[in-house]
Amino acid sequence: MLLYLSEAYLLYCTRIRDQQLAGASTLCESEDCLTQESRSPDQLQRRINVGDGGSVNTKSNGPTSENISGCKPTLWSVGMVLEGSSEALCPPPSLELRPSCNKSPLGSCSTPHDGLFPGDKEPVKYGELIVLGHNGSLANGDKGRRRSRLALYKRPKANGVKPDVIHNVSTPLVSKALSNKSQHSISYTLSRSHSVIVEYTHDSNTDMFQIGRSTESMIDFVVTDTAGCSTSGGGGQGQGGGGGGGQSAQSTISRYACRIMCERSAPYTARIYAAGFDSSKNIFLGERAAKWRTSDGLMDGLTTNGVLVMHPAGEFVSEPAPGVWREISVCGNVFALRETRSAQQRGKLVENESNTLQDGSLIDLCGATLLWRTPSGLRRTPTLKQLETLRQELNAARPQCPVGFNTLAFPSLAQREIVDKKQPWVYVNCGHVHGYHNWGYRKDKGHNVGPGGTAPASTGERECPMCRCVGPYVPLWLGCEGGLYLDAGPPTHAFCPCGHVCSEKTVAGWSQIPLPHGTHAFHAACPFCGTWLTGEQGHIKLIFQGPVD
């Protein structure tokens with residue numbers, strides 16, 4: 001009898017335990033507590049620690065299962081379940097530590113930086129490329145690889161290449177020699193009957209990033225021609241850049257313009273080379289392209305419109321001073337500029353300069369100019385949040401129009417196309433800041449002055465009511481691209497004649513940098529919109545009228 005009661009009691013306890021487990025499973029499903037999305041990484045870590053702290057039952061009669069991350073399941077002891085605790089009633093069979101699909105630095109959800117778990121170090125950043133003339137974003141918005149700014153991060157697996165073998169072949173046999181699409185190579189066509197092919201092999205010590213106009217997958221940064229004036233809210237009429245103030249019908253930027261090789265180990269040196277590999281992993285320099293055989297028997301050449309680079313003479317942030325524009329060859333050698341952009345005769349070799357990029361190096365692709373900023377240099381520039389703080393501080397000072405006495409306010413950084421009614425305007429030849437008014441046009445000869453002393457806005461010439469100085473009258477816009485700043489100083493100055501506002505050090509530095517234009521011309525331009533600078537200095541100090549009260 002006693003044996004029978006013992007067996008009945010054990011059976012009763014077993015049923016009670018099964019009911020508790022069934023209820024716990026139902027509760028877990030209702031609260032969705034088995035998924036990573038419902039728990040933060042800190043909560044998951046705390047739950048793992050609690051499980052490890054108690055007695056864990058790892059014995060099982062069935063086969064051991066693993067989740068997709070390869071983690072073995074952790075079974076919680078039933079004895080650790082606290083009655084009435086919903087969290088304790090969630091004994092997960094496994095924890096799927098799947099990485100969330102965050103945006104990668106290249107703009108897509110790819111393998112490079114998705115495999116980072118909480119506590120892992122941030123990926124190594126080599127630097128950032130910023131396209132001049134876009135003020136923070138493209139006119140139609142940044143989309144994928146077509147954007148105004150790109151950060152280059154260390155890849156999970158090296159994709160760099162280095163020269164390996166040189167072949168001298170007959171020109172008709174070039175197509176057969178380049179049939180291996182898994183092999184990078186550069187083909188130099190010397191004549192109709194003779195070509196030199198340089199094969200490249202994998203380099204495990206470098207990462208390669210390609211830049212060009214092509215939208216093919218091998219191009220990491222898609223760059224198009226930059227308009228000569230701001231298409232996103234700058235004032236003034238542009239005179240430089242793309243010609244006519246818009247994107248040219250036929251681009252002068254190469255489809256595979258250049259490539260940047262970054263060393264995967266400290267100090268993470270970045271070097272630039274002309275031309276990029278196409279979809280067949282080849283670079284072709286035709287019979288008319290500038291090319292030559294070097295003194296050591298190797299080959300080198302230049303692209304059609306060339307890749308120009310200018311390194312700053314001093315430190316870009318502390319001592320901004322322009323250097324000398326040079327041309328970079330396919331093999332990374334430095335040459336003086338050709339007589340014209342596409343001349344077949346190369347310039348003189350500059351042996352004491354290199355293709356190593358440094359903070360503030362400018363890269364011109366004949367249609368767009370890029371600025372290279374290093375991580376250390378970017379740390380000294382204002383962030384978007386800091387720029388917004390500066391804007392709010394300007395508006396908090398309540399600047400007023402000295403004539404209408406209405407309070408002025410800079411619009412939000414996101415508003416770059418529509419002029420706000422409270423937006424400040426400036427006479428760029430004197431710096432006096434006013435509210436907008438439709439009077440004060442100078443009655444010069446040839447101007448068709450209308451009723452009330454007004455004239456067509458195309459003339460752009462106004463007379464300042466404060467000092468009678470005549471010049472363009474444009475709205476003021478804050479520079480939104482922090483990477484173009486040389487410091488985080490207060491926005492007290494503006495470029496002439498576009499009206500982009502930034503710090504004094506920034507306008508002084510960019511006003512003395514000549515940017516390439518056309519085949520052989522250079523001119524200083526506003527980095528935020530690309531407009532050619534005018535006046536003696538190219539910038540003006542803003543004179544605000546404080547509140548009367």
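An unreviewed UniProt entry lists the chain under the name Pellino E3 ubiquitin protein ligase family member 3, with Coregonus suidteri given as the organism. What UniProt states about the chain under its Sequence similarities (unreviewed entry) heading is, verbatim, "Belongs to the pellino family."

(A) Geometry of the pattern of salt bridges. Inspection of the entire model under this criterion finds 13 salt bridges. Note that Arg149 is salt-bridged to Glu128, the shortest N-O span being 2.4 Å. Residue Arg149 is found in strand β2 (residues 149-153), and its partner Glu128 is found in strand β1 (residues 125-131); the two are separated by 21 residues along the sequence. Because the salt bridges share partners, they merge into one network encompassing Lys125, Glu128, Arg149 and Glu481.

(B) Inspection of the nonpolar core at higher detail. Counting residues in each nonpolar core, the largest one holds 44 residues, and the members touching the most others are Leu362, Leu371, Leu476, Phe495 and Trp510. Taken together, the elements giving at least two residues each to this core come down to β13 (307-310), α5 (384-396), β23 (493-495), β24 (500-502) and α6 (504-510). When residues no more than four places from it in sequence are discounted, the contact partners of Trp510 are Leu132, Phe316, Leu362, Leu371, Leu484, Phe495, Ala524, Ala525 and Pro527. Core analysis: the next-biggest nonpolar cluster, separate from the first, contains 28 residues, Tyr126, Ala257, Cys258 and Ala368 among them.

(C) Focus on the sheet that holds strand β17 (residues 369-373). Here seven strands make up an open sheet; going across it, the order is β2-β1-β17-β16-β13-β14-β15 and the pairing antiparallel. A single partner strand is all that each edge strand has here, and the edge strands are β2 and β15 (334-335). Where strand β14 (residues 326-328) meets β15, two bridges bridge the pair, whose relative direction is antiparallel. Each bridged residue has a counterpart across the sheet, and for Ile328 the counterpart in β15 is Val334.

Reading the values: the criteria
- Residues numbered from 1 in each chain as written.
- Predicted model: local features only at pLDDT ≥ 70, side-chain atom pairs only at ≥ 80, totals over all residues.
- Heavy atoms only, no water.
- UniProt positions renumbered as here; feature names shortened; annotations may be inferred.
- Salt bridge = Lys/Arg side-chain N within 4 Å of Asp/Glu carboxyl O.
- Helix = DSSP H or I, 4+ residues; strand = E, 2+ residues; numbered from the N terminus.
- Core = buried A, V, L, I, M, F, W, Y, C linked by side-chain atoms within 4.5 Å.
- Buried < 20%, exposed > 50% of the residue type's maximum accessible area, 1.4 Å probe, protein only.
- Contact = heavy atoms within 4.5 Å.
- Pairing = 2+ DSSP bridges.

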